[in-house]
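# Coordinate analysis (summary)
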Amino acid sequence: LTDLVGDKDALIEKMSSAPAWAVSLTFTMGLLAVISRGLRWNLLLSPMGYKASPTNAVASVAFGYLANTFVPRSGEVARCAALNSTDDVPVDKLIGTVITERVVDVAMLLVFLTVALITNFEAVIWAAEHLKNKWGWYFEQDTHGNCVMTFEDKHEMLMWAMRWQAKHREKTDV
């Protein structure tokens, strides 16, 4: 890692200045995420009549994260292979649970996105009005049928973002 950084001493100084409580909290939350994913995986396996050791399920999830470090997006297959080798659960069933997890993850993402848009609806409306009225930005389809935002001046988008941030900051400073 330090070979990628020009000033190694500055990197070490910045890393050592991090509060110990923040590092501990981050580590604990990461560990709890791995444990909860392993236990959740067992919950998905039980209706199919398979029971994996909770320790092996958690270790397989951690192994999947390790595999992602070396080959991106390989972790899902690696954790399925790991649990198959320790608990004899068929790989096709394990991959099915991984797909189910992803579907649930996308559904939850959409739920949280919807809640965020609803609770911040005033900001969404404000942004849409300013795009349309103030700067003449609009949405159109490109030659491939994709919806794209069009604007006349390249600097307008940056200026809009800065104005929105300033207005948002005024509301939170009160």
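For the structure itself, consult the block above.
These remarks concern the structure in this document. Computed from a predicted structure; not experimentally measured.

Relative to the helices and strands, S60 resides in helix 3 (residues 54-70). From its side chain, S60 meets the backbone nitrogen of L83 in a polar contact 3.4 Å long. Contact partners of S60, with chain neighbours within four places excluded, come to W41, R79, A82 and L83.

Glancing now at the environment of V98. Mapped onto the elements of the fold, V98 is located in helix 5 (residues 91-119). Setting aside anything within four residues of it in sequence, one finds V98 in contact with E76, R79 and C80.

Moving on, we get to the packing of helix 4 (residues 75-87) against helix 5. Running from amino to carboxyl end, helix 4 crosses helix 5 at an angle of 140°, the nearest separation of the two axes being 9 Å. Classed by the angle they form, the pair helix 4 and helix 5 counts as oblique. For the pair helix 4 and helix 5, the crossing hand works out as right-handed. Of the residues in helix 5, those touching helix 4 at E76, R79, C80, L83 and N84 are V91, L94, I95, V98, E101 and R102. For the contact of helix 4 with helix 5, the class distribution of residues is 6 nonpolar, 1 polar and 4 charged.

Our next topic: the pattern of salt bridges. This model, assessed by the stated rule, comprises 8 salt bridges. We note a salt bridge from R40 to D105, for which the minimum N-O separation is 3.7 Å. One end of the pair, R40, is in helix 2 (residues 20-45); the other, D105, is in helix 5, and 65 residues separate them in sequence. Accessibility expressed as a relative area gives 29% for R40, which makes it partly exposed.

Look at R73: it is not a glycine, yet its phi comes out positive at around 70°. The topology assignment puts R73 in the loop between helix 3 and helix 4. Under the relative-accessibility criterion, R73 is labelled exposed at 66%.

All right, on to the packing of helix 2 against helix 5 then. Where helix 2 contacts helix 5, the axes come no closer than 10 Å and their chain directions differ by 115°. As the angle between them shows, helix 2 and helix 5 are arranged roughly perpendicular. Crossing handedness for the pair helix 2 and helix 5: right-handed. Taken together, the residues of helix 5 that come into contact with helix 2 (itself represented by R37, R40, W41, L44 and L45) are L94, T97, T100, E101, R102 and D105. A class-by-class count of the residues in the contact of helix 2 with helix 5 yields 4 nonpolar, 2 polar and 5 charged.

Right, let's talk about the packing of aromatic side chains for a bit. Inspection of the entire model under this criterion finds 0 aromatic pairs. The positively charged end of R79 is found above the aromatic ring belonging to W41, 4.4 Å away from the centroid.

For the rest of this paragraph, the subject is helix 3. For helix 3, spanning 17 residues, the distance from its first C-alpha to its last is 25 Å, which sits close to the expected 24 Å at 1.5 Å a residue. Restricting attention to buried positions, one finds in helix 3 the residues A57, V58, S60, V61, G64 and A67. If you follow the buried residues of helix 3, they end up packed against helix 2 and helix 4.

Further remarks concern the side chain of D87. Mapped onto the secondary structure, D87 falls in helix 4. For the buried residue D87, which engages in no salt bridge, the nearest side chain bearing the opposite charge is K51, 8.7 Å off. Of the polar contacts made by the side chain of D87, one reaches the backbone nitrogen of S53; its length is 3.0 Å. In contact with D87, other than residues within four places in its own chain, are K51, A52, S53 and N56.

Reading the values: the criteria
- Residues numbered from 1 in each chain as written.
- Predicted model: local features only at pLDDT ≥ 70, side-chain atom pairs only at ≥ 80, totals over all residues.
- Heavy atoms only, no water.
- Helix = DSSP H or I, 4+ residues; strand = E, 2+ residues; numbered from the N terminus.
- Polar contact = N/O pair within 3.5 Å; in protein donor to acceptor, adjacent residues only side chain to side chain.
- Contact = heavy atoms within 4.5 Å.
- Axes fitted to C-alpha atoms, helices over the stretch in contact; angles between N-to-C directions.
- Parallel < 35°, antiparallel > 145°, perpendicular 65-115°, else oblique.
- Left-handed = near helix turned anticlockwise from the far one by under 90°.
- Nonpolar A, V, L, I, M, F, W, Y, C, P; charged D, E, K, R; others polar.
- Salt bridge = Lys/Arg side-chain N within 4 Å of Asp/Glu carboxyl O.
- Buried < 20%, exposed > 50% of the residue type's maximum accessible area, 1.4 Å probe, protein only.
- Phe/Tyr/Trp six-rings, centres within 6.5 Å; stacked < 30°, edge-to-face > 60°.
- Lys NZ or Arg CZ within 6 Å of the ring centre and 35° of its normal.
- Expected span 1.5 Å × (residues − 1).
- Lys, Arg positive; Asp, Glu negative; His and termini not counted.

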